[in-house]
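Close look at the chain arrangement
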Amino acid sequence: EAEQVLFESGASRLTLPVELNSHELERLGGKKRELIVAGRLPMMVSVQCLKKNTTGCDRIPSVLLLKDRTGKEMPVMTHCLFCHNVILNADPLSLVGDAAAARRLRPDSYRILLTTENAALSSEVIRSCAKAFVHGETAGDPYGNYTRGHWKRGVE
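These notes cover the structure that comes with them. (Residues numbered from 1 in each chain as written. Predicted model: local features only at pLDDT ≥ 70, side-chain atom pairs only at ≥ 80, totals over all residues. Heavy atoms only, no water.)

Turning next to the packing of aromatic side chains. Per the counting criterion, the structure on display carries one aromatic pair. Lys32 extends its terminal NZ or CZ atom over the ring of Phe7, reaching a point 5.2 Å from the ring centre. (Phe/Tyr/Trp six-rings, centres within 6.5 Å; stacked < 30°, edge-to-face > 60°. Lys NZ or Arg CZ within 6 Å of the ring centre and 35° of its normal.)

The next subject is the sheet that holds strand S4 (residues 63–67). Taking strand neighbours across the sheet as the criterion, the four strands line up as S3-S6-S5-S4 in an open arrangement whose pairing is antiparallel. The outermost strands of the open sheet, each flanked by one partner alone, are strand S3 (42–46) and S4. Adjacent strand axes in the sheet meet at a mean angle of 25°, parallel and antiparallel pairs treated alike. Direction of pairing for strand S5 (residues 73–79) relative to strand S6 (residues 84–88): antiparallel, over a ladder of four bridges. Bridge pairing links Thr78 to Asn85 in S6. (Pairing = 2+ DSSP bridges. Helix = DSSP H or I, 4+ residues; strand = E, 2+ residues; numbered from the N terminus. Axes fitted to C-alpha atoms, helices over the stretch in contact; angles between N-to-C directions.)

What follows is the structure, encoded as structure tokens:
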């Protein structure tokens, strides 16, 4: 019902939910859909600004690092205009290694979320994704450490 309301309100395309696994996504189909295939997924939005609470507010958007109990570093993007932070997953999503299954969904488009990548890594991510998703060729995962997110297991 929510999809129907969004399309009736003028949406031309929706993003497939990252919470669903590949089998659940197959049931939705890819028509009028886009699939996120690479990049850091947001885990949480916070209005408790990490920068303001640690070093003080300078109203300059930046990327901070938040370390979890296992030692992994999660990028935190400060959005000063609206005074909130977006905490990103420590490991970027990459579906490049399972591109054949992703292509079977037949989405209208693939989305790459470039957030903290430098120019060289951004180019490599784009190249790998184009090779895997557009040309159907075998490509190596562009990230050293990555996650497949809920692609295989979903959310219970």
